[in-house]
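Letter by letter, the chains look like this.
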Amino acid sequence: MKKAFCTGTLAVSLLLGAARAADLFLNTDTATGFLLSGSVWTRYWLMAPVVILAWLAGLYVPRKQPCGLRPGAGVWMSGVNFVFVPLAFCSELYGFLTVLNVLFGTPEQAGRHQTAERILLGQLADVTRAALFVVFGVWCLLVFFENRAREKRGGWMLYLGVAGSAAFYLHTVVRFVEQPASLYRILPAVEIFSALAALLFVTALLRALYLPGGVGTAPALSRCGLLAFFFCTCLALPQAVWQGMNGVDPPVSFPLAITLGCTGLLGAACARNIARRG
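For the structure given in this document, a descriptive report is provided here. Note that the coordinates shown come from a computational prediction; the quantities given were computed from them, not determined experimentally.

One can describe the packing of helix α4 (residues 84-104) onto helix α9 (residues 254-276) by two numbers: an axis separation of 8 Å at closest approach and a directional angle of 155°. Here α9 runs roughly antiparallel to α4, going by the angle between their axes. In terms of crossing hand, the pair formed by α4 and α9 is left-handed. Listed contacts from α9 to Phe84, Pro86, Leu87, Cys90, Ser91, Leu93, Tyr94 and Leu97 of α4 are Pro255, Leu256, Ile258, Thr259, Cys262, Thr263 and Leu266. A per-class count over the contact of α4 with α9 returns 12 nonpolar, three polar and no charged.

Reported here for the second largest pocket is a volume of approximately 210 Å³. Every element with two or more residues in the lining of the second largest pocket is listed here: α6 (156-178), α7 (186-210), α8 (217-245) and α9. Per element, the largest residue contribution to the lining of the second largest pocket is five residues, and it comes from α8. Taken together, the residues of the lining of the second largest pocket break down into eight nonpolar, six polar and three charged.

Within the secondary structure, Gly267 is located in helix α9. Sequence separation between Gly267 and Ala204 is 63 residues; the distance between their C-alpha atoms is 9.8 Å. Setting aside chain neighbours within four positions, we find Gly267 in contact with Phe201, Gly225 and Leu226.

Using the criterion set out here, one finds 10 aromatic pairs in the structure. A ring pair is formed by Phe84 and Trp139, whose centres lie 6.3 Å apart and whose planes are at 80°; its orientation type is edge-to-face. In this pair, Phe84 is assigned in helix α4 and Trp139 in helix α5 (residues 116-149), connecting sequence segments 55 residues apart. Pair check on accessibility: Phe84 and Trp139 agree, each one buried. Ring geometry for Phe144 and Phe145: centres 5.3 Å apart, planes at 70°, overall edge-to-face. Classification of Phe144 by relative accessible area gives buried; the value is 15%. Site record: aromatic cluster; members linked through ring pairs are Phe84, Tyr94, Phe133, Phe136, Trp139 and Phe168. Looking at Arg185, its charged tip hangs above the ring of Phe34, at a distance of 5.5 Å from the centre.

Its location among the elements puts Pro86 in helix α4. On the accessibility criterion, Pro86 (34% relative accessible area) is partly exposed. Separated by 173 residues in sequence, Pro86 and Thr259 place their C-alpha atoms 8.1 Å apart.

Thresholds, definitions, all that
- All residue numbers refer to positions counted from 1 along the written sequence of the respective chain.
- In keeping with the model being predicted, local features are shown solely for residues with a pLDDT of at least 70 and side-chain atom pairs are shown and tallied solely at 80 or more, while totals for entire chains, interfaces and linings include all residues.
- The basis for every side-chain value is the complete set of non-hydrogen atoms in the structure, without hydrogens or water.
- Orientation is described by lines fitted to C-alpha atoms, with helices fitted over the stretch in contact, and by angles between N-to-C directions that extend from 0 to 180 degrees.
- Strands are runs of DSSP state E lasting at least 2 residues, helices are runs of H or I lasting at least 4, and numbering of each runs from the N terminus.
- What sets the label is the angle itself: under 35 degrees gives roughly parallel, over 145 gives roughly antiparallel, 65 to 115 gives roughly perpendicular, and the rest give oblique.
- In a left-handed crossing the near helix is turned counterclockwise from the far helix by less than a right angle, and in a right-handed crossing that turn is clockwise.
- Whether two residues are in contact is decided by their heavy atoms, any of which lying within 4.5 Å being enough.
- Ten residue types, Ala, Val, Leu, Ile, Met, Phe, Trp, Tyr, Cys and Pro, are classed as nonpolar, four, Asp, Glu, Lys and Arg, as charged, and the remainder, Gly among them, as polar.
- Put plainly, a pocket is an open set of points on a 1 Å grid over the protein atoms alone with protein on both sides within 12 Å along at least five of seven lines, a cavity is a set where a 1.4 Å probe fits but cannot get out, and a lining residue has an atom within 4 Å of a point.
- Grid points are joined across faces, edges and corners, and a volume is the space filled by probe spheres set on the points.
- In this analysis, rings of Phe, Tyr and Trp, with Trp reduced to its six-membered ring, are considered paired at centre separations within 6.5 Å, and the interplanar angle assigns stacked below 30 degrees, edge-to-face beyond 60, and tilted for intermediate values.
- Whether a residue is buried, partly exposed or exposed follows from its accessible area with a 1.4 Å probe, protein chains only, as a fraction of its type maximum: under 20%, in between, or over 50%, in that order.
- Whether a charge sits over a ring depends on NZ of Lys or CZ of Arg being within 6 Å of the ring centre and within 35 degrees of the ring normal.

In short, the description is geometric, and any link to function would need to be established separately.
Below is the structure:
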């Protein structure tokens, strides 16, 4: 039953992601981001089936089931490890490009609603978030080589992972602060949902890797992984493509969107790995 719910959640996520992409390219005003036709509340309600299915998928995973990410024998993180490479690359790329853009890009001028202090604070947040994503990328690469060698590097990897995961926490806070507070604007809502989903999944992944004996670890990883796949990969990534094509977001933000998309792919891989285990 847990395998059926996991597969069903992934299938519905892909279907709704394709529908949302069509809605963006065919039914969204590029200047304002508002829908040209249809109810905005219908779009929100269409997110509910995936949330319910992800919750049920986690519910059918036994609370004492091991996550199976690092068994004593066999391939470590089978079907999961390959995602760490593009995730590390995109995370590092976003981090370095953002730092270079802040240091050597065109300075943002203070305007009517932007004071010099607010601009400086935003740049500090961007650089801090970028540096933390670089740390997260290093952690992902080290985890990949750990799994290839089937040998843990030591307890310091936990602290490195926690430091890297702070990038997602800061990213979530920045999204809440920067985005317009209006439920009628789906674009910022999706970015906030994807930031939250990525944060929850990375937290669950750290718990599964370094505190694997906890009760409820596998259900939490499965549930959060499916949510990250839906919000980060199926919704936020096509939206980032649409925003980039229409000049809504600067090019430097696209590697961040790909990083979140790869995080969602890692979540889907972890959920499928758990669903296949007895």
